[in-house]
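Structure assessment
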Amino acid sequence: LLIITCHMASNTEISFFSYFKPWGAPIVSLFFFISGYGLMSSYLSKGQRYLDGFLKKRVWKILLPYLIITFLYIALNAVDKERFSWTILSDFIVKGIPPLPYSWFVISIIVLYLFFYWSFSPRRLVVSQKLFLCLLLSCLYILIAILIGYDRCWWVSTLGFVTGLFYRYYELYLVRIFRSKIYRLLFMPICSLAIYLLSGSPVEFVLSVAYVLIPLLVIVLINYLKFRKNLLLSFFGDISYEIYLCQGVCFVLLRGHTIYIASDYVYAFMVYFVTVFLAYSLHLFILKNDENITNR
């Protein structure tokens, strides 16, 4: 929802949303961190057998909803504009502009999941070596994205994923450090200063290091808070990925040729409402499809 709010700043002239414009990359880095943390948790719990069927269990579950929404959007956009863009594939490969708006994130997370799978498959390597192999592949991905001229969004938050892997593996050790008084006093101001300095670096690759520190800073802050189970947050949590997929469809088509909502306030409300509705519908469809496959 914060990502939609962040994108709202570029699609409306409502001043409130402008405050959220810089939030995009930090939010994505936190999402990457959580993804890496989750994969490592499962791996440590189940061991090498966790990788059995990994491509189907993990990667395909990300790819299938993405393909459904992408093809639906391409069809609806072609009907709306009364023409089909034949440069979709070349724009994607050459310019890094995916057919579905804002869906670069999906490609990135799939690539990172594949890095995890390739790094952790070799049985002869110990976990620390697998972690560093995944880090090396992630850095290579960042350098390639920079060299071919893809937009910064493609690579700047990538190291958040590897940070999640490392954090989960060394969590017991790190938690002991977090609980020390001197760490509590010094970490947040030092971390904030480091993020500020890194974000101003003229070397683009260095900028990605800031997004290693941002998730850690958030984790430390969350440690001071206590959360109770919340049904509303659980609902949005269950459809968070689908929300991300559907937002681009709504941003474009609710101000297209067929439908054009002139009022920024009505437009913003409808983007949120229709996005959540589509996301929930897609979520139910995927669940039904999984049930049918299981029954077979």
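How each quantity is defined
Residues numbered from 1 in each chain as written. Predicted model: local features only at pLDDT ≥ 70, side-chain atom pairs only at ≥ 80, totals over all residues. Heavy atoms only, no water. Helix = DSSP H or I, 4+ residues; strand = E, 2+ residues; numbered from the N terminus. Rg over C-alpha atoms; globule rule 2.2 N^0.38 Å. Buried < 20%, exposed > 50% of the residue type's maximum accessible area, 1.4 Å probe, protein only. Salt bridge = Lys/Arg side-chain N within 4 Å of Asp/Glu carboxyl O. Patch = residues over 30% accessible without salt bridge, like charges linked within 9 Å, V, L, I, M, F, W, Y side chains within 5 Å. Areas by Shrake-Rupley, 256 points an atom, 1.4 Å probe, with all protein chains shown as cover. Lys, Arg positive; Asp, Glu negative; His and termini not counted. Charge placed at Lys NZ, Arg CZ, Asp CG, Glu CD. Phe/Tyr/Trp six-rings, centres within 6.5 Å; stacked < 30°, edge-to-face > 60°. Lys NZ or Arg CZ within 6 Å of the ring centre and 35° of its normal. Axes fitted to C-alpha atoms, helices over the stretch in contact; angles between N-to-C directions. Parallel < 35°, antiparallel > 145°, perpendicular 65-115°, else oblique. Left-handed = near helix turned anticlockwise from the far one by under 90°. Contact = heavy atoms within 4.5 Å. Nonpolar A, V, L, I, M, F, W, Y, C, P; charged D, E, K, R; others polar.

**A closer look at the overall build of the protein**
- Assigned secondary structure in the protein consists of 14 helices and zero strands.
- Ordering the α and β elements of the protein from the N terminus gives α-α-α-α-α-α-α-α-α-α-α-α-α-α.
- Its C-alpha atoms give the protein a radius of gyration of 20 Å, within 12% of the compact-globule value 19 Å for 296 residues.
- Its C-alpha atoms put the protein at 60 × 50 × 45 Å along the principal axes.
- Looking at the protein residue by residue over its 296 residues, the buried ones come to 43%.

**Structural notes on the pattern of salt bridges**
- Applying the stated criterion across every chain yields a total of three salt bridges.
- With its nearest N and O atoms 2.6 Å apart, the salt bridge here joins Asp-264 to Arg-255.
- Classification of Asp-264 as buried rests on a relative accessible area of 18%.

**Considering a positive patch on the surface**
- A cluster of basic side chains, namely Lys-46, Arg-49, Lys-57, Arg-58 and Lys-61, defines a positive patch on the protein surface.
- Ranked by the residues each element gives to the positive patch, the list is headed by helix α4 (residues 54–81), at three residues.
- Positionally, Lys-46 belongs in helix α3 (residues 24–46).
- Residue classification places Lys-46 among the partly exposed positions, given a relative accessible area of 41%.

**Focus: the packing of aromatic side chains**
- Tallied over the entire structure, the rule returns 32 aromatic pairs.
- Centre to centre, the rings of Phe-54 and Tyr-113 are 6.1 Å apart; their planes meet at 40°, and the pair counts as tilted. Taken together, the residues Phe-54 in helix α4 and Tyr-113 in helix α6 (residues 104–120) connect sequence positions 59 residues apart.
- Judged by centre distance (4.7 Å) and plane angle (75°), the ring pair of Phe-84 and Trp-86 falls under edge-to-face.
- In this structure Trp-86 comes out as exposed when scored by relative accessible area, which is 76%.
- Each member of the aromatic cluster is reached from another via a ring pair, and the members are Phe-31, Phe-32, Phe-92, Trp-104, Phe-105, Tyr-150, Trp-154 and Tyr-244.
- The ring centre of Tyr-267 lies 4.0 Å from the NZ or CZ of Arg-255, which sits over that ring.

**Points about the packing of helix α7 (residues 127–147) against helix α11 (residues 204–222)**
- Two elements in contact, α7 and α11, have axes separated by 10 Å at closest approach and are oriented at 135°. One way to sum up the angle between α7 and α11 is to call them oblique. Judged by the sense of rotation from one axis to the other, the crossing of α7 with α11 is right-handed. Of the residues in α11, those touching α7 at Cys-139, Ile-142, Leu-143 and Ile-146 are Glu-204, Phe-205 and Ser-208.
- Here the residues of the contact of α7 with α11 sort into five nonpolar, one polar and one charged.

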